[in-house]
Amino acid sequence: MRAITLVPGKKGTLGLTEVPDPRPGPGELLVQGLVLGICGTDRELVSGEYGFPSDEPMILGHESLGRVLEAPEGSAFSPGDLVVGVVRRPDPESCGACARGEFDMCRNGGYTERGIKELHGYGSERWTVEAGYAVRVDPALGVLGVLVEPASVLAKAWEHIELIGSRAWFGPEKVLVTGAGPIGLLAAMMGRQRGLEVHVLDRAESGLKPELVTGLGATYHAGDSLDAVGGYLPDIIIEATGSGPLVFESMLNTAAAGIVCLTGVSSGGRHLRADIGQINRDIVLENDVVFGTVNANLRHYRDAAKALQEADRSWLDALITRRLPMEDFEAAFDKGDHVKVVVTLDS
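The following paragraphs examine the structure supplied in this document.

Criteria and thresholds
Residues numbered from 1 in each chain as written. Predicted model: local features only at pLDDT ≥ 70, side-chain atom pairs only at ≥ 80, totals over all residues. Heavy atoms only, no water. Helix = DSSP H or I, 4+ residues; strand = E, 2+ residues; numbered from the N terminus. Rg over C-alpha atoms; globule rule 2.2 N^0.38 Å. Contact = heavy atoms within 4.5 Å. Areas by Shrake-Rupley, 256 points an atom, 1.4 Å probe, with all protein chains shown as cover. Lys, Arg positive; Asp, Glu negative; His and termini not counted. Charge placed at Lys NZ, Arg CZ, Asp CG, Glu CD. Salt bridge = Lys/Arg side-chain N within 4 Å of Asp/Glu carboxyl O. Buried < 20%, exposed > 50% of the residue type's maximum accessible area, 1.4 Å probe, protein only. Polar contact = N/O pair within 3.5 Å; in protein donor to acceptor, adjacent residues only side chain to side chain. Core = buried A, V, L, I, M, F, W, Y, C linked by side-chain atoms within 4.5 Å. Phe/Tyr/Trp six-rings, centres within 6.5 Å; stacked < 30°, edge-to-face > 60°.

## What to know about the overall build of the chain
The secondary structure content of the chain amounts to 9 helices and 19 strands. Computed over C-alpha atoms, the radius of gyration of the chain comes to 20 Å, within 12% of the 20 Å expected from 2.2 N^0.38 for 347 residues, which places it in the range of a compact globule. Residue pairs at least 24 apart in sequence account for 69% of intrachain contacts in the chain once pairs closer than 6 positions are excluded. In the form shown here, the chain has an accessible surface area of approximately 15600 Å², with 49% of it arising from carbon and sulfur atoms. Averaging the positions of the 32 positive and the 48 negative side-chain charges in the chain gives two centres separated by 2 Å.

If you want it as structure tokens, here you go:
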């Protein structure tokens, strides 16, 4: 069968490779790969900017969607089910979090990840996954089920925002999302599902991103600074760009007892001038919280699948702006102006 592979840590090794058909082990599903989502992490792996070096090729891909071909007897799955595979696996030498099933919060970094760290991903015509790390997708979602993995990151973000808020009285009304890529847009979608007033900031002056934001019933602002929002002080900011200046601005521009959730991964090497004293003063005197989040647990995938099931299908469909056959997979790593790029695996 064909698979999208690379050698981690080595630029120029991306290719479409013939690999042996997978054989499900005890308790595993055999799955026909349908669609693979491509994100910034994949592009960093391909460029060699990120990854855990190895001499062995790895099957790429962590944003999965497939159809069950074989399921172990007694499992919760049946042939024909649409499923996505969870990305992370706990450290075999468990830290306290992994030992309690909270592997997305691993303390010692010994976790592994499908298509990212030390485990083959889902970018192949067939793949296997342990039944305990598979999540069923509503068949009505169809190919839009490939959005479950990125949505799971936001399901976790919102869970943690609400847990932090519960330290005291919590009645948020306003949320600002910085960045209108897939993560930012899904964050905004979940904010609207919670009945919040949502504002989104992005650099695009026109086009699909403003249309998608207004389609949610949210307010769009064009610019690369919170100045474009005009003094708006939200209860919650979800930062989804990784831009250093926006991170600093976010820390200074929430309402009292505000929460800033950082989901964007910044690149290193850029030095910025910032008034750290003022940032510290504001956070302390206003009881603010700034936290980072990445990856997701099994329950977050289930929450994400539910959120997508409740979303407007036409709006979700508009997020996927480029669909490529497996033969043209290389073009998926040149993002351009696209919001979400996916590769079809079952050509």
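## Quick look at the pattern of salt bridges
Under the counting rule described, the total for this entry stands at 14 salt bridges. Between R2 and E327 there is a salt bridge, and its shortest N-O distance comes to 2.9 Å. In this pair, R2 sits in strand β1 (residues 2-6) while E327 sits in the loop between β18 (320-325) and β19 (340-344), placing the two residues 325 residues apart along the sequence. Taking the relative accessible area as the measure of exposure, R2 reaches 17% and is therefore buried. Of the residues examined, E327 reaches a relative accessible area of 44% and is grouped as partly exposed.

## Some remarks on the environment of S47
Residue position: S47 is located in helix α1 (residues 40-47). A polar side-chain atom of S47 sits 3.0 Å from the main-chain carbonyl oxygen of E44.

## As for the nonpolar core
Counting 94 residues, the largest nonpolar core has M189, L308, L316 and L319 as its most contacted members. Ranked by residue count, the leading element in this core is helix α3 (residues 148-165), at 9 residues. Not counting residues within four places of it along the chain, the set of residues in contact with L319 comprises L147, L185, L186, L212, V339 and K340. With 8 residues, the next largest nonpolar core counts L226, Y232, I237 and V260 among its residues.

## Let's talk about the packing of aromatic side chains
Going through the model one piece at a time under the given rule, you end up with 3 aromatic pairs. Ring geometry for Y50 versus F52: centroids 6.0 Å apart, planes at 75 degrees, classification edge-to-face. When its relative accessible area of 31% is taken as the criterion, Y50 is described as partly exposed. Relative to W127, the ring of Y122 has its centre 4.6 Å away and its plane inclined at 65 degrees; by these criteria the two rings are edge-to-face.

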